[in-house]
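Descriptive analysis of the structure
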Amino acid sequence: TTLLANDREVHASIWDAIAKIDLADRLPAISCPVLVLVGERDPTTPIAASRLIADRIRGSRLHLLPGVSHMSPL
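Now for a quick tour of the structure. Remember, it's a predicted structure, so these values are computed and weren't measured experimentally.

**Quick word on the overall build of the protein chain**
Each helix and strand in the protein chain was counted, giving three helices and two strands. Counting from the amino terminus, helix and strand elements in the protein chain follow one another as α-α-β-α-β. Over its C-alpha atoms the protein chain spans a radius of gyration of 14 Å, topping by over 25% the 11 Å that the globule rule assigns to 74 residues. When its C-alpha atoms are laid out on the principal axes, the protein chain stretches across 40 × 30 × 20 Å. With 74 residues in all, the protein chain has 14% of them scored as buried. Partitioning the intrachain contacts of the protein chain with sequence separation of at least 6 by distance along the chain shows that 70% fall at a separation of at least 24. When the accessible surface of the protein chain is split by element, carbon and sulfur atoms take 59% of a total near 6100 Å².

Structure (structure tokens):
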């Protein structure tokens, strides 16, 4: 219900901005331990995208959270 209470135009603008961000070439510069979490049923950040992130960060780990969607840690 919180999401539905948000201003639709603002929400759309935020997603438009996010869609234009591409930081993939900067991922190899990350040198701290990283755990990439992805929900098995996440429609906005699919497993393949999370795997790409984990593959580009040296020494990172990818963990699939079964049966959950986006923002599951919250």
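**Some words on the pattern of salt bridges**
Counting across every chain of the model gives one salt bridge. Here aspartate 16 makes a salt bridge to lysine 20, at a shortest N to O gap of 3.2 Å. The class for lysine 20 is exposed, based on a relative accessible area of 62%.

**What about the layout of surface pockets?**
One number sums up the size of the largest pocket: a volume of about 330 Å³. Counting residues per element, the lining of the largest pocket draws most heavily on helix H3 (residues 47-56), at three residues. Its residues placed into classes, the lining of the largest pocket shows nine nonpolar, three polar and one charged.

Conventions used here
Residues numbered from 1 in each chain as written. Predicted model: local features only at pLDDT ≥ 70, side-chain atom pairs only at ≥ 80, totals over all residues. Heavy atoms only, no water. Helix = DSSP H or I, 4+ residues; strand = E, 2+ residues; numbered from the N terminus. Rg over C-alpha atoms; globule rule 2.2 N^0.38 Å. Buried < 20%, exposed > 50% of the residue type's maximum accessible area, 1.4 Å probe, protein only. Contact = heavy atoms within 4.5 Å. Areas by Shrake-Rupley, 256 points an atom, 1.4 Å probe, with all protein chains shown as cover. Salt bridge = Lys/Arg side-chain N within 4 Å of Asp/Glu carboxyl O. 1 Å grid on protein atoms, 1.4 Å probe; cavity = no way out; pocket = protein on both sides within 12 Å on 5 of 7 lines; lining within 4 Å. Points joined across faces, edges and corners; volume = space filled by probe spheres on them. Nonpolar A, V, L, I, M, F, W, Y, C, P; charged D, E, K, R; others polar.

Shape is all these values report; function is a separate question.
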